Amino acid sequence: MVPFSILDLSPITQGSTVSQALDNSRRLAQEAERAGYERFWLAEHHGMSGIASAATALVISHVAAGTKTIRVGSGGIMLPNHAPLVIAEQFGTLAALYPGRIDLGLGRAPGTDMRTAAALRRHMEGSANSFPNDVVELQGLLGMPREGEVIATPGAGTNVPIWLLGSSHYSAQLAGMLGLPFAFASHFAPDMLFSALEIYRERFEPSAILDKPYAMVGIMGVAADTDEEARRLFTSMQQSFVALRRNARGQFPPPVDSMDGLWNASEKGFVDHAMSYAIVGGPETVRRKTQAFLADTRADELIISMPVFDMDARLKSVRRFAEARQELAAAA
């Protein structure tokens, strides 16, 4: 059975604080570790009042300090926002603090609105277009230093594992060309999932990192005792995406009994499409849909984002997905 992992955005729920959100991320990682998940990734987003993981390397350290064995990393660092040397030093430091447990997933989107992106990057021109060169530069900084080159200290010689993340064909092609593991953001961008996986696998070139393709796929996931309960919990994510569509971002909202009156037909269509691969339900539904999705994608790993308002329900969802994995493994 393929490994299961967790993607977290440190959601700031309505009525809570950043401190509580960061504490919840650590608790979620601890539960994931107990349940046998492979890795726990945090995502870089900026200027969003409902997300606390903007300083991603710091949050990774906070989570890694509260766990012992689970891999912790970024899903991802938006590399155009940063100089490769800065990321090499940050993740080299993390690798020294938590040896053998740090992952570096990289994306090329800004992870925010364009005004905030401009404030982050200062000079926007060509930043996304330089992504391939920046990835190669970062690989070099994390590898063995060569005479006359800039040295990342910490960072040099750590060989922190690099992943490429994407929601289109661009990163799929680049990951294949560089022989790197690839993660597709199908948890919110379903359209190019299968074509991107095909491109990645067809164009993969063996490297010192990998001798064959390794593809991770993402889902939004809410597992509960019943389908009805899970669907109710999932309304928090649906409300959040409606707010995103309206450019009215706020803290993560509590669930509601019905979305009727909270979205129009166009907004419902937008959310339903973005969440095409969401797995929401009780144990049997989760098991059946997970098995089908993994069979369709032939994924090497599944990463799950669990957008649940109540922390106890979020922890239960982690356990339910772990139970589904165990049952699928037993039946294989």
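Up top you'll find the structure we're talking about.
A.B. asks: Is there a simple way to think about the nonpolar core in this case?
C.D. replies: Note on soluble globular proteins: their nonpolar side chains tend to be buried together. Tyr 37, Phe 91, Leu 104, Leu 106, Leu 138 and Phe 321 are the most contacted members of the largest nonpolar core, which has 68 residues in total. Ranked by residue count, the leading element in this core is helix H11 (residues 311-331), at 6 residues. Counting 19 residues, the second-largest nonpolar core is a separate cluster that includes Ala 230, Met 259, Val 271 and Ala 313.

A.B. asks: Sorry, what's going on with the side chain of Ser 5 here?
C.D. replies: One can find Ser 5 in strand E1 (residues 4-8). Judged by relative accessible area, Ser 5 falls into the buried class, the value being 0%. Within the structure, Ser 5 has its side chain in polar contact with the side chain of Glu 301 (distance 2.6 Å). Residues within four places of Ser 5 in sequence aside, it is in contact with Tyr 37, Glu 38, Arg 39, Glu 301, Leu 302, Ile 303 and Ile 304.

A.B. asks: Is there a simple way to explain the packing of helix H7 (residues 193-203) against helix H10 (residues 283-297) in this structure?
C.D. replies: If you want to describe how two helices pack, look at the angle between their axes and the distance between the axes. Relative orientation of the contacting elements H7 and H10 amounts to 45 degrees, with a least axis distance of 10 Å. Here H7 is positioned oblique relative to H10, judged by the angle of their axes. Within the contact between the two elements, H7 uses Leu 193, Phe 194, Leu 197 and Arg 201 and H10 uses Phe 293, Asp 296 and Thr 297. Here the residues of the contact of H7 with H10 sort into 4 nonpolar, 1 polar and 2 charged.

A.B. asks: Just to check I follow, could you spell out helix H2 (residues 56-65) for this structure?
C.D. replies: The periodicity of an α-helix, 3.6 residues per turn, causes residues three or four positions apart to be oriented the same way. Of all the 10 residues making up H2, 7 are buried; the element is thus mostly covered by neighbouring parts of the structure. Those residues of H2 that are buried lie in contact with helix H1 (18-35), strand E2 (39-42), strand E3 (71-78), helix H3 (84-97) and strand E4 (102-107).

What counts, and at which threshold
Residues numbered from 1 in each chain as written. Predicted model: local features only at pLDDT ≥ 70, side-chain atom pairs only at ≥ 80, totals over all residues. Heavy atoms only, no water. Core = buried A, V, L, I, M, F, W, Y, C linked by side-chain atoms within 4.5 Å. Buried < 20%, exposed > 50% of the residue type's maximum accessible area, 1.4 Å probe, protein only. Helix = DSSP H or I, 4+ residues; strand = E, 2+ residues; numbered from the N terminus. Polar contact = N/O pair within 3.5 Å; in protein donor to acceptor, adjacent residues only side chain to side chain. Contact = heavy atoms within 4.5 Å. Axes fitted to C-alpha atoms, helices over the stretch in contact; angles between N-to-C directions. Parallel < 35°, antiparallel > 145°, perpendicular 65-115°, else oblique. Nonpolar A, V, L, I, M, F, W, Y, C, P; charged D, E, K, R; others polar.

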